[in-house]
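Geometric and topological summary
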Amino acid sequence: MTKEEFCKNYWSYYLVLEGRFLKLQNYIAFDKENYKCYSTELIAQFQTICSEVDVVSKILCGFDATDEKTMDDYRAQYTLRCPGIEAQEVAIDYFDVQPFKALATKHSFPWWRDYNKVKHSRVTSYQRGNLKNVMFALAGLYVLEKEIYKIITSEEKMISESAIMHMVGWHESVNILF
């Protein structure tokens, strides 16, 4: 995949998802006090973002798009292909999150577990479609996209067009070509 193909097919979609997320600020302050806030819109965003995490994970891990893989399959590849991903912090507005922190343990990511609960049992898991999970999932997607970009381009300068997120400790400037 070329840089242009990645930007056209994946990064541009990420920006759409991020834009949709940013619109939530009109109604919900992005603050830890509101982490448990849930809604139908948050569930929709949660499912869409996590579905894209699955798509880009296959790319990052070198799996075919038609392969049926699980997060357990991806976890092993994340640590091989992205050393230090479990400690990577993403700055979002006024605080930092570590969406892949659970890689240091044998447990799944809390936001990914909750995604599967919402996906398979929305009625009993409705409250898991909350601001915290959406924020962590979007941060996780952001990390994966930046890792793919780095692999494709071998550039130290990374995508910087995110309106709300940046990876702590990474160089942050490059122009995206469309």
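Calculation notes
Residues numbered from 1 in each chain as written. Predicted model: local features only at pLDDT ≥ 70, side-chain atom pairs only at ≥ 80, totals over all residues. Heavy atoms only, no water. Helix = DSSP H or I, 4+ residues; strand = E, 2+ residues; numbered from the N terminus. Rg over C-alpha atoms; globule rule 2.2 N^0.38 Å. Contact = heavy atoms within 4.5 Å. Areas by Shrake-Rupley, 256 points an atom, 1.4 Å probe, with all protein chains shown as cover. Lys, Arg positive; Asp, Glu negative; His and termini not counted. Charge placed at Lys NZ, Arg CZ, Asp CG, Glu CD. Buried < 20%, exposed > 50% of the residue type's maximum accessible area, 1.4 Å probe, protein only. Arc of directions from axis to C-beta. Axes fitted to C-alpha atoms, helices over the stretch in contact; angles between N-to-C directions. Parallel < 35°, antiparallel > 145°, perpendicular 65-115°, else oblique. Left-handed = near helix turned anticlockwise from the far one by under 90°. Nonpolar A, V, L, I, M, F, W, Y, C, P; charged D, E, K, R; others polar. Phe/Tyr/Trp six-rings, centres within 6.5 Å; stacked < 30°, edge-to-face > 60°. Lys NZ or Arg CZ within 6 Å of the ring centre and 35° of its normal. Polar contact = N/O pair within 3.5 Å; in protein donor to acceptor, adjacent residues only side chain to side chain. Pairing = 2+ DSSP bridges.

When its secondary structure is counted, the chain shows 6 helices and 3 strands. Starting at the N terminus, the α and β elements of the chain follow one another as α-α-α-β-β-α-α-α-β. Taking 2.2 N^0.38 as the reference for a compact globule, 178 residues should give roughly 16 Å; the C-alpha atoms of the chain span a radius of gyration of 15 Å, in line with that estimate. Expressed along its principal axes, the backbone C-alpha trace of the chain runs to roughly 45 × 35 × 30 Å. In the chain, 66% of the contacts between residues at least 6 apart in sequence involve partners at least 24 apart. In the form shown here, the chain has an accessible surface area of approximately 9200 Å², with 49% of it arising from carbon and sulfur atoms. Side-chain charges in the chain split into 21 positive and 24 negative, and the spacing between the mean points of these groups amounts to 5 Å.

The subject of this paragraph is helix α4 (residues 110-120). The set of residues buried in α4 consists of Trp111, Trp112, Asp114, Tyr115 and Val118. Each buried residue of α4 sits inside an arc of 160° when the element is viewed along its axis, so together they form one side.

Orientation of helix α1 (residues 3-22) relative to helix α6 (residues 131-153), taken along the N-to-C sense of each, is 165°, at an axis distance of 11 Å. Judged on the interaxial angle alone, α6 and α1 are roughly antiparallel. Viewed along their axes, α1 and α6 form a crossing whose handedness is left-handed. Contacts between α1 and α6 involve Lys3, Phe6, Cys7, Tyr10, Trp11, Tyr14, Leu17, Glu18 and Phe21 from the former and Leu131, Val134, Met135, Leu138, Leu141, Tyr142, Glu145, Ile148, Tyr149, Ile152 and Thr153 from the latter. Across the contact of α1 with α6, the residue classes break down as 16 nonpolar, 1 polar and 3 charged.

Moving on, we get to the packing of aromatic side chains. This model, assessed by the stated rule, comprises 19 aromatic pairs. For the pair Tyr35 and Phe136, a centre-to-centre distance of 6.4 Å together with 75° between the ring planes defines the contact as edge-to-face. On the criterion of sequence distance, the pair formed by Tyr35 in the loop between α1 and α2 (40-61) and Phe136 in helix α6 is long-range, its members being 101 residues apart. Each residue in the set Phe46, Phe63, Tyr74, Tyr78, Phe100, Phe109, Trp111, Trp112 and Tyr115 is aromatic and connected to the rest through ring pairs, giving one cluster. Just above the ring of Phe109 sits the side chain of Arg75; from NZ or CZ to the centre is 5.7 Å.

For the rest of this paragraph, the subject is the side chain of Glu18. Along the chain, Glu18 falls in helix α1. Polar side-chain contacts of Glu18 include one of 2.9 Å to the backbone nitrogen of Ala163.

What follows covers the sheet that holds strand β2 (residues 95-97). Remark on secondary structure: sheet strands pair via backbone hydrogen bonds, oriented parallel or antiparallel. Spatial ordering of the open sheet is given by β2-β1-β3, a layout of 3 strands whose pairing is antiparallel. With one partner strand each, in any of the chains shown, β2 and β3 (165-167) form the two edges of the open sheet. The sheet shows a mean angle of 30° between the axes of neighbouring strands, direction not considered. Sheet topology places strand β1 (residues 90-92) next to β3; 3 bridges connect them, and they run antiparallel.

Functional significance is not addressed by these values, which are geometric in nature.
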